[in-house]
Amino acid sequence: MIALVKRAFDAWRGSGPSAVTVPPMDGALRPNQAIEEAPVLLEIAAPDNLVHDGTRLLFSSGSTVYAMKATGTESVAAFDRPVSALALHPGGAMAIGLEGRGLELRGGQHDGKVITELGGRPVLCPTALLFTDENTLLVALGSQQNAPERWKHDLMQRNASGSVWQVDLTNGKATCFADRLAYPYGLLAAGDGGVVVSESWRNQLIRIHPNRKPKVELSDISGYPARLAPTADGAGSWLAVFAPRSQLLEFVLHEPDYCDQMIQEIDPQFWIAPSLSATQSFLEPMQLGGLKQLGILKPWAPTRSYGLVVNLDGAFEPQVSFHSRADGRRHGITSCVEVSGRLLATSKGGNAIVSIPLAAGV
(Lines give C-alpha, C1' and ligand atoms only; values in the text may rest on other atoms or scores of the structure.)
Protein backbone atom coordinates (compact mmCIF):
# COMPACT_ATOMS: atom_id res chain seq x y z
CA MET A 1 0.00 0.00 0.00
CA ILE A 2 2.78 2.42 0.92
CA ALA A 3 4.55 1.65 -2.38
CA LEU A 4 1.37 2.44 -4.35
CA VAL A 5 0.94 5.76 -2.55
CA LYS A 6 4.60 6.64 -3.12
CA ARG A 7 4.36 5.89 -6.85
CA ALA A 8 1.22 8.01 -7.15
CA PHE A 9 2.90 10.88 -5.25
CA ASP A 10 6.03 10.63 -7.45
CA ALA A 11 3.89 10.71 -10.60
CA TRP A 12 1.99 13.78 -9.34
CA ARG A 13 5.08 15.84 -8.46
CA GLY A 14 7.48 14.43 -11.09
CA SER A 15 9.94 12.93 -8.62
CA GLY A 16 11.57 9.55 -8.16
CA PRO A 17 10.98 7.22 -11.13
CA SER A 18 8.72 9.86 -12.70
CA ALA A 19 11.44 12.52 -12.84
CA VAL A 20 12.96 13.57 -16.17
CA THR A 21 16.16 14.88 -14.63
CA VAL A 22 19.54 13.30 -15.38
CA PRO A 23 22.47 13.45 -12.94
CA PRO A 24 25.40 15.49 -14.27
CA MET A 25 28.72 13.92 -15.14
CA ASP A 26 30.88 15.50 -12.47
CA GLY A 27 33.38 14.48 -9.83
CA ALA A 28 34.67 11.00 -10.69
CA LEU A 29 32.55 11.13 -13.87
CA ARG A 30 34.05 14.39 -15.13
CA PRO A 31 34.39 14.04 -18.95
CA ASN A 32 37.77 13.44 -20.54
CA GLN A 33 39.06 11.93 -23.79
CA ALA A 34 40.82 8.85 -22.38
CA ILE A 35 38.90 6.34 -24.53
CA GLU A 36 39.01 8.48 -27.64
CA GLU A 37 42.77 9.05 -27.36
CA ALA A 38 43.67 5.51 -26.24
CA PRO A 39 45.64 3.27 -28.62
CA VAL A 40 43.47 1.04 -30.78
CA LEU A 41 44.37 -2.58 -30.11
CA LEU A 42 42.17 -3.97 -32.89
CA GLU A 43 39.73 -2.70 -35.47
CA ILE A 44 36.90 -5.17 -36.10
CA ALA A 45 33.16 -4.94 -36.70
CA ALA A 46 31.07 -4.50 -33.54
CA PRO A 47 33.34 -6.20 -30.96
CA ASP A 48 31.61 -7.35 -27.79
CA ASN A 49 31.78 -9.77 -24.85
CA LEU A 50 35.42 -9.24 -23.92
CA VAL A 51 36.36 -11.86 -21.28
CA HIS A 52 39.56 -13.04 -19.61
CA ASP A 53 40.22 -16.09 -17.39
CA GLY A 54 43.83 -15.33 -16.49
CA THR A 55 45.17 -17.10 -19.58
CA ARG A 56 42.76 -16.71 -22.46
CA LEU A 57 41.44 -13.39 -23.76
CA LEU A 58 38.35 -13.82 -25.93
CA PHE A 59 35.75 -11.57 -27.52
CA SER A 60 32.96 -11.86 -30.05
CA SER A 61 32.22 -10.10 -33.32
CA GLY A 62 28.89 -10.94 -34.88
CA SER A 63 28.51 -14.73 -34.87
CA THR A 64 32.21 -15.52 -34.28
CA VAL A 65 34.26 -15.86 -31.09
CA TYR A 66 37.90 -14.80 -31.39
CA ALA A 67 40.96 -15.32 -29.20
CA MET A 68 43.30 -12.37 -28.93
CA LYS A 69 46.98 -13.32 -29.07
CA ALA A 70 50.30 -11.52 -29.41
CA THR A 71 50.36 -12.36 -33.13
CA GLY A 72 46.80 -11.18 -33.78
CA THR A 73 43.38 -12.82 -33.53
CA GLU A 74 42.30 -16.39 -34.07
CA SER A 75 38.78 -17.69 -34.66
CA VAL A 76 37.76 -20.03 -31.82
CA ALA A 77 34.14 -20.78 -32.66
CA ALA A 78 31.60 -19.73 -35.27
CA PHE A 79 27.81 -19.97 -35.15
CA ASP A 80 24.82 -19.34 -37.38
CA ARG A 81 23.56 -16.40 -35.32
CA PRO A 82 25.07 -13.53 -33.29
CA VAL A 83 26.89 -14.22 -30.02
CA SER A 84 25.20 -12.13 -27.32
CA ALA A 85 27.02 -13.35 -24.16
CA LEU A 86 30.26 -15.10 -23.29
CA ALA A 87 31.96 -16.54 -20.19
CA LEU A 88 35.19 -18.45 -19.49
CA HIS A 89 36.28 -20.78 -16.72
CA PRO A 90 39.98 -21.40 -15.99
CA GLY A 91 39.31 -25.13 -16.27
CA GLY A 92 38.85 -24.73 -20.01
CA ALA A 93 35.08 -24.31 -20.29
CA MET A 94 33.47 -21.64 -22.42
CA ALA A 95 29.78 -20.69 -22.26
CA ILE A 96 28.25 -18.95 -25.27
CA GLY A 97 24.91 -17.16 -25.39
CA LEU A 98 23.33 -17.15 -28.86
CA GLU A 99 20.74 -14.61 -29.86
CA GLY A 100 17.32 -16.23 -29.85
CA ARG A 101 18.62 -19.79 -29.51
CA GLY A 102 19.96 -20.38 -26.01
CA LEU A 103 23.32 -21.36 -24.54
CA GLU A 104 26.10 -23.70 -25.62
CA LEU A 105 29.02 -25.08 -23.61
CA ARG A 106 32.39 -25.72 -25.27
CA GLY A 107 35.30 -27.44 -23.51
CA GLY A 108 35.53 -28.55 -19.90
CA GLN A 109 33.40 -31.21 -18.20
CA HIS A 110 30.17 -30.15 -19.93
CA ASP A 111 31.42 -29.84 -23.49
CA GLY A 112 28.56 -29.94 -25.99
CA LYS A 113 25.77 -29.18 -23.50
CA VAL A 114 22.97 -27.01 -24.93
CA ILE A 115 20.44 -25.07 -22.83
CA THR A 116 17.36 -23.70 -24.58
CA GLU A 117 15.04 -23.18 -21.59
CA LEU A 118 15.37 -21.99 -18.00
CA GLY A 119 12.45 -22.63 -15.67
CA GLY A 120 10.25 -23.34 -18.67
CA ARG A 121 11.15 -20.03 -20.35
CA PRO A 122 12.92 -19.93 -23.70
CA VAL A 123 16.43 -18.46 -23.56
CA LEU A 124 15.64 -15.71 -26.05
CA CYS A 125 17.86 -12.88 -24.84
CA PRO A 126 21.04 -14.01 -23.03
CA THR A 127 22.96 -10.84 -22.17
CA ALA A 128 25.59 -11.96 -19.61
CA LEU A 129 27.10 -15.21 -18.32
CA LEU A 130 29.32 -15.96 -15.33
CA PHE A 131 30.89 -19.17 -14.06
CA THR A 132 30.92 -19.34 -10.26
CA ASP A 133 32.61 -22.75 -10.47
CA GLU A 134 33.07 -25.37 -13.18
CA ASN A 135 29.60 -26.83 -12.56
CA THR A 136 27.63 -23.64 -11.92
CA LEU A 137 26.71 -20.94 -14.41
CA LEU A 138 24.90 -17.67 -13.78
CA VAL A 139 22.76 -16.45 -16.67
CA ALA A 140 21.23 -13.02 -17.24
CA LEU A 141 18.25 -12.90 -19.60
CA GLY A 142 17.62 -9.32 -20.66
CA SER A 143 14.07 -9.77 -21.86
CA GLN A 144 11.36 -12.32 -22.53
CA GLN A 145 9.88 -10.23 -25.37
CA ASN A 146 12.87 -9.15 -27.44
CA ALA A 147 16.13 -10.66 -28.67
CA PRO A 148 19.33 -8.68 -27.93
CA GLU A 149 19.34 -6.98 -31.35
CA ARG A 150 15.95 -5.43 -30.44
CA TRP A 151 17.21 -3.77 -27.25
CA LYS A 152 15.87 -0.38 -28.36
CA HIS A 153 12.41 -1.88 -28.72
CA ASP A 154 12.66 -3.31 -25.21
CA LEU A 155 13.53 0.11 -23.78
CA MET A 156 10.85 1.98 -25.72
CA GLN A 157 8.26 -0.62 -24.68
CA ARG A 158 9.30 0.00 -21.06
CA ASN A 159 9.68 -3.71 -20.42
CA ALA A 160 10.89 -5.25 -17.17
CA SER A 161 10.81 -8.95 -18.02
CA GLY A 162 14.47 -9.80 -17.45
CA SER A 163 15.75 -12.38 -14.98
CA VAL A 164 18.91 -13.88 -13.49
CA TRP A 165 19.33 -17.66 -13.11
CA GLN A 166 21.74 -20.08 -11.51
CA VAL A 167 22.18 -23.27 -13.52
CA ASP A 168 23.64 -26.49 -12.15
CA LEU A 169 25.38 -27.84 -15.24
CA THR A 170 25.60 -31.33 -13.75
CA ASN A 171 21.86 -31.97 -13.55
CA GLY A 172 20.43 -29.01 -15.48
CA LYS A 173 18.53 -27.59 -12.48
CA ALA A 174 17.83 -23.87 -12.88
CA THR A 175 17.11 -21.56 -9.92
CA CYS A 176 15.73 -18.06 -10.47
CA PHE A 177 17.70 -15.51 -8.44
CA ALA A 178 15.66 -12.47 -9.54
CA ASP A 179 12.76 -11.78 -11.86
CA ARG A 180 11.01 -8.78 -13.46
CA LEU A 181 14.29 -6.96 -13.94
CA ALA A 182 14.61 -4.09 -16.42
CA TYR A 183 17.17 -5.58 -18.82
CA PRO A 184 19.95 -7.12 -16.70
CA TYR A 185 23.11 -6.68 -18.78
CA GLY A 186 26.10 -7.49 -16.55
CA LEU A 187 27.04 -9.92 -13.77
CA LEU A 188 29.73 -9.71 -11.09
CA ALA A 189 30.32 -12.25 -8.33
CA ALA A 190 29.95 -10.69 -4.88
CA GLY A 191 32.04 -11.73 -1.90
CA ASP A 192 29.00 -12.70 0.19
CA GLY A 193 27.85 -15.38 -2.23
CA GLY A 194 25.47 -13.09 -4.08
CA VAL A 195 25.82 -11.45 -7.48
CA VAL A 196 25.81 -7.80 -8.54
CA VAL A 197 23.72 -7.10 -11.62
CA SER A 198 23.66 -4.05 -13.90
CA GLU A 199 20.00 -3.24 -14.55
CA SER A 200 20.13 -1.10 -17.67
CA TRP A 201 16.65 0.39 -18.02
CA ARG A 202 16.57 1.37 -14.33
CA ASN A 203 20.11 2.81 -14.53
CA GLN A 204 21.39 1.01 -11.46
CA LEU A 205 23.46 -1.80 -9.99
CA ILE A 206 21.72 -4.23 -7.65
CA ARG A 207 22.99 -7.04 -5.42
CA ILE A 208 20.84 -10.17 -5.48
CA HIS A 209 20.66 -13.39 -3.50
CA PRO A 210 18.13 -16.19 -3.91
CA ASN A 211 15.00 -15.63 -1.81
CA ARG A 212 16.07 -12.11 -0.79
CA LYS A 213 14.96 -8.68 -1.88
CA PRO A 214 17.52 -7.06 -4.22
CA LYS A 215 19.69 -4.34 -2.69
CA VAL A 216 20.58 -1.26 -4.73
CA GLU A 217 24.36 -0.73 -4.75
CA LEU A 218 24.56 2.21 -7.17
CA SER A 219 21.53 4.16 -8.38
CA ASP A 220 20.76 6.91 -10.88
CA ILE A 221 23.71 6.22 -13.18
CA SER A 222 24.20 8.88 -15.87
CA GLY A 223 23.91 6.29 -18.64
CA TYR A 224 22.77 2.76 -19.40
CA PRO A 225 25.06 0.27 -17.63
CA ALA A 226 26.32 -2.78 -19.49
CA ARG A 227 28.79 -5.41 -18.31
CA LEU A 228 30.84 -5.57 -15.13
CA ALA A 229 34.36 -6.91 -14.60
CA PRO A 230 36.52 -7.18 -11.47
CA THR A 231 39.65 -5.09 -11.09
CA ALA A 232 42.95 -6.98 -11.19
CA ASP A 233 43.39 -6.72 -7.41
CA GLY A 234 39.80 -7.79 -6.73
CA ALA A 235 39.16 -4.72 -4.58
CA GLY A 236 36.76 -3.06 -7.00
CA SER A 237 35.18 -3.37 -10.41
CA TRP A 238 34.87 -1.84 -13.85
CA LEU A 239 31.50 -0.84 -15.30
CA ALA A 240 30.92 -0.34 -19.03
CA VAL A 241 28.20 2.19 -19.89
CA PHE A 242 26.97 1.70 -23.45
CA ALA A 243 24.91 4.89 -23.97
CA PRO A 244 24.11 8.18 -22.21
CA ARG A 245 20.84 9.37 -20.72
CA SER A 246 19.29 12.73 -21.58
CA GLN A 247 16.36 14.83 -20.39
CA LEU A 248 14.70 14.53 -23.79
CA LEU A 249 14.90 10.75 -23.70
CA GLU A 250 13.62 10.61 -20.12
CA PHE A 251 10.68 12.78 -21.21
CA VAL A 252 9.93 10.55 -24.21
CA LEU A 253 9.98 7.42 -22.05
CA HIS A 254 7.19 8.94 -19.96
CA GLU A 255 4.99 9.26 -23.07
CA PRO A 256 3.92 5.69 -23.95
CA ASP A 257 1.63 6.72 -26.82
CA TYR A 258 4.46 8.63 -28.47
CA CYS A 259 6.84 5.68 -28.01
CA ASP A 260 4.34 3.24 -29.50
CA GLN A 261 3.76 5.45 -32.53
CA MET A 262 7.50 5.97 -32.99
CA ILE A 263 8.03 2.19 -32.98
CA GLN A 264 5.35 1.70 -35.62
CA GLU A 265 6.30 4.51 -38.01
CA ILE A 266 10.02 5.30 -37.78
CA ASP A 267 13.21 3.34 -38.49
CA PRO A 268 14.88 2.47 -35.14
CA GLN A 269 18.12 4.28 -36.06
CA PHE A 270 16.17 7.56 -36.09
CA TRP A 271 14.24 7.09 -32.85
CA ILE A 272 14.71 9.45 -29.95
CA ALA A 273 16.54 6.65 -28.17
CA PRO A 274 20.05 5.73 -27.04
CA SER A 275 22.44 4.60 -29.75
CA LEU A 276 25.74 2.75 -29.91
CA SER A 277 27.11 5.20 -32.47
CA ALA A 278 26.29 8.58 -33.91
CA THR A 279 24.76 8.62 -37.36
CA GLN A 280 25.54 11.21 -40.00
CA SER A 281 22.05 11.37 -41.47
CA PHE A 282 20.04 14.58 -41.59
CA LEU A 283 17.13 12.49 -40.30
CA GLU A 284 18.85 11.96 -36.94
CA PRO A 285 16.74 13.54 -34.16
CA MET A 286 18.11 16.71 -32.60
CA GLN A 287 18.85 16.33 -28.91
CA LEU A 288 17.88 19.67 -27.37
CA GLY A 289 19.57 21.57 -30.22
CA GLY A 290 22.91 23.36 -30.19
CA LEU A 291 24.87 20.48 -31.71
CA LYS A 292 27.28 22.19 -34.09
CA GLN A 293 29.15 25.44 -34.47
CA LEU A 294 30.91 26.31 -37.73
CA GLY A 295 30.23 22.77 -38.94
CA ILE A 296 32.03 21.18 -35.96
CA LEU A 297 30.18 19.00 -33.47
CA LYS A 298 30.54 20.38 -29.96
CA PRO A 299 32.11 17.85 -27.55
CA TRP A 300 29.56 18.93 -24.89
CA ALA A 301 26.59 18.67 -27.26
CA PRO A 302 23.62 16.52 -26.18
CA THR A 303 24.16 13.14 -27.77
CA ARG A 304 22.47 9.77 -28.16
CA SER A 305 25.78 7.87 -28.10
CA TYR A 306 28.84 8.08 -25.87
CA GLY A 307 31.80 6.04 -24.64
CA LEU A 308 32.17 5.53 -20.88
CA VAL A 309 33.87 3.13 -18.47
CA VAL A 310 33.71 3.71 -14.70
CA ASN A 311 36.02 2.33 -12.01
CA LEU A 312 34.09 1.43 -8.83
CA ASP A 313 35.53 0.72 -5.39
CA GLY A 314 34.45 -2.12 -3.10
CA ALA A 315 31.38 -0.12 -2.04
CA PHE A 316 30.48 0.52 -5.71
CA GLU A 317 31.29 4.21 -5.51
CA PRO A 318 32.76 5.73 -8.72
CA GLN A 319 36.47 6.55 -8.43
CA VAL A 320 37.74 7.16 -11.97
CA SER A 321 36.12 7.24 -15.40
CA PHE A 322 37.25 7.15 -19.02
CA HIS A 323 35.28 8.84 -21.80
CA SER A 324 34.76 9.29 -25.51
CA ARG A 325 32.64 12.42 -25.76
CA ALA A 326 29.92 13.48 -28.18
CA ASP A 327 32.39 14.43 -30.90
CA GLY A 328 34.29 11.14 -30.57
CA ARG A 329 34.08 7.83 -32.43
CA ARG A 330 34.71 5.22 -29.70
CA HIS A 331 31.14 4.97 -28.50
CA GLY A 332 28.97 2.08 -27.35
CA ILE A 333 31.30 0.52 -24.75
CA THR A 334 29.67 -2.80 -23.88
CA SER A 335 32.44 -4.75 -22.09
CA CYS A 336 35.90 -4.30 -20.59
CA VAL A 337 38.62 -6.24 -18.75
CA GLU A 338 41.79 -5.26 -16.91
CA VAL A 339 44.88 -7.06 -18.21
CA SER A 340 48.55 -6.39 -17.41
CA GLY A 341 48.11 -2.81 -16.23
CA ARG A 342 45.81 -1.81 -19.08
CA LEU A 343 42.06 -1.61 -19.46
CA LEU A 344 40.79 -3.18 -22.68
CA ALA A 345 37.33 -2.06 -23.78
CA THR A 346 35.09 -2.98 -26.70
CA SER A 347 33.68 -0.01 -28.58
CA LYS A 348 30.81 -1.79 -30.32
CA GLY A 349 29.67 1.43 -31.95
CA GLY A 350 33.22 2.42 -32.96
CA ASN A 351 34.22 -1.02 -34.34
CA ALA A 352 37.34 -1.15 -32.21
CA ILE A 353 38.95 -2.56 -29.08
CA VAL A 354 40.92 0.11 -27.27
CA SER A 355 43.74 -0.30 -24.73
CA ILE A 356 43.75 2.32 -21.96
CA PRO A 357 46.94 2.54 -19.83
CA LEU A 358 46.18 2.59 -16.11
CA ALA A 359 48.06 4.80 -13.68
CA ALA A 360 49.47 3.19 -10.55
CA GLY A 361 46.79 2.74 -7.92
CA VAL A 362 43.85 2.86 -10.36
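Before any of the text, the structure's been laid out above.
First, a word on scope: everything that follows refers to the structure included in this document. (Residues numbered from 1 in each chain as written. Predicted model: local features only at pLDDT ≥ 70, side-chain atom pairs only at ≥ 80, totals over all residues. Heavy atoms only, no water.)

1. Digging into the overall build of the chain
Stage number 1. A count of helical and extended segments in the chain gives five helices and 28 strands.
Stage number 2. For the chain, the C-alpha radius of gyration of 20 Å lies close to 21 Å, the compact-globule estimate for 362 residues.
Stage number 3. Summarising its shape, the C-alpha atoms of the chain cover approximately 55 × 55 × 40 Å along the three principal directions.
Stage number 4. For the chain, the residues scored as buried account for 52% of the 362 residues in total.
Stage number 5. A total of about 16300 Å² of accessible surface is found on the chain, and carbon and sulfur atoms cover 52% of it.
Stage number 6. For the chain, the centre of its 31 positive side-chain charges and the centre of its 35 negative side-chain charges are spaced 2 Å apart. (Helix = DSSP H or I, 4+ residues; strand = E, 2+ residues; numbered from the N terminus. Rg over C-alpha atoms; globule rule 2.2 N^0.38 Å. Buried < 20%, exposed > 50% of the residue type's maximum accessible area, 1.4 Å probe, protein only. Areas by Shrake-Rupley, 256 points an atom, 1.4 Å probe, with all protein chains shown as cover. Lys, Arg positive; Asp, Glu negative; His and termini not counted. Charge placed at Lys NZ, Arg CZ, Asp CG, Glu CD.)

2. What about the pairing of strand E15 (residues 174–181)?
Stage number 1. Here strand E14 (residues 162–168) pairs with E15 via five bridges, running antiparallel. Counterpart to Gly 162 in the pairing with E15 is Leu 181.
Stage number 2. Linking E14 to E15, which pair antiparallel, is a turn of five residues; within it Gly 172 sits at a positive phi near 80 degrees. (Pairing = 2+ DSSP bridges.)

3. A few points about the packing of aromatic side chains
Stage number 1. Tallying each qualifying case throughout the model produces ten aromatic pairs.
Stage number 2. Between Trp 151 and Phe 242 the ring centres are 5.3 Å apart and the planes differ by 85 degrees, which places this aromatic pair in the edge-to-face class. Of the two residues, Trp 151 sits in helix H3 (residues 151–156) while Phe 242 sits in strand E21 (residues 237–244), which places them 91 residues apart along the sequence.
Stage number 3. Overall, Phe 242 belongs to the buried group, its relative accessible area being 2%.
Stage number 4. Ring geometry for Trp 201 versus Tyr 224: centroids 5.9 Å apart, planes at 75 degrees, classification edge-to-face. Here Tyr 224 lies in strand E20 (residues 223–230) and Trp 201 lies in the loop between strand E17 (195–199) and strand E18 (204–208), a separation of 23 residues in the sequence.
Stage number 5. With relative accessibility at 11%, the residue Trp 201 sits in the buried group.
Stage number 6. Accessibility expressed as a relative area gives 1% for Tyr 224, which makes it buried.
Stage number 7. Among the aromatic residues, those joined into a cluster by ring pairs are Trp 151, Tyr 183, Tyr 185, Trp 201, Tyr 224 and Phe 242. (Phe/Tyr/Trp six-rings, centres within 6.5 Å; stacked < 30°, edge-to-face > 60°.)

4. Overview of the nonpolar core
Stage number 1. Counting 35 residues, the largest nonpolar core has Met 156, Trp 201, Tyr 224, Phe 242, Val 309 and Leu 343 as the members making the most contacts within it.
Stage number 2. Filtering out sequence-adjacent residues up to four positions away, Val 309 remains in contact with Ile 35, Trp 238, Leu 239, Val 320, Ser 321, Phe 322, Ile 333, Cys 336, Leu 343 and Ala 345.
Stage number 3. One finds Ala 87, Leu 118, Leu 137 and Trp 165 within the second-largest nonpolar core, a separate group that totals 17 residues. (Core = buried A, V, L, I, M, F, W, Y, C linked by side-chain atoms within 4.5 Å. Contact = heavy atoms within 4.5 Å.)

5. Some words on the side chain of His 331
Stage number 1. Considering the arrangement of structural elements, one finds His 331 in the loop between strand E25 (318–324) and strand E26 (333–339).
Stage number 2. For His 331, a relative accessible area of 1% corresponds to the buried category.
Stage number 3. Among the polar contacts made by the side chain of His 331, one reaches the main-chain carbonyl oxygen of Gly 328 at a distance of 3.4 Å.
Stage number 4. Not counting chain neighbours up to four residues away, the residues in contact with His 331 comprise Leu 276, Ser 277, Ser 305, Tyr 306, Gly 307, Ser 324, Arg 325, Ala 326, Ser 347, Lys 348, Gly 349 and Gly 350. (Polar contact = N/O pair within 3.5 Å; in protein donor to acceptor, adjacent residues only side chain to side chain.)

6. Observations concerning the side chain of Thr 346
Stage number 1. In this structure, Thr 346 sits in strand E27 (residues 342–347).
Stage number 2. A polar contact is formed between the side chain of Thr 346 and the side chain of Thr 334, at a distance of 3.2 Å.
Stage number 3. A distance of 2.7 Å separates polar atoms of two side chains, one belonging to Thr 346 and the other to Ser 335.
Stage number 4. Excluding residues within four positions of it along the chain, Thr 346 makes contact with Pro 47, Asp 48, Leu 50, Gly 332, Ile 333, Thr 334, Ser 335, Ala 352 and Ile 353.

7. Some remarks on the environment of Ala 345
Stage number 1. Tracing the sequence through the fold places Ala 345 in strand E27.
Stage number 2. Sequence separation of Ala 345 and Leu 41 is 304 residues, and the distance between their C-alpha atoms is 9.5 Å.
Stage number 3. Setting aside anything within four residues of it in sequence, one finds Ala 345 in contact with Leu 50, Val 309, Ile 333, Ser 335, Cys 336, Ala 352, Ile 353 and Val 354.

8. Re the sheet that holds strand E8 (residues 102–106)
Stage number 1. Spatial strand order, E6-E7-E8-E9: four strands in an open sheet with antiparallel pairing. Edge positions in the sheet fall to strand E6 (83–88) and strand E9 (114–115), since each of these pairs with one other strand and no more.
Stage number 2. Pairing of E6 with strand E7 (residues 94–98), which is carried by five bridges, proceeds in the antiparallel orientation. If you follow Ala 85 over to E7, its bridge partner there is Gly 97.

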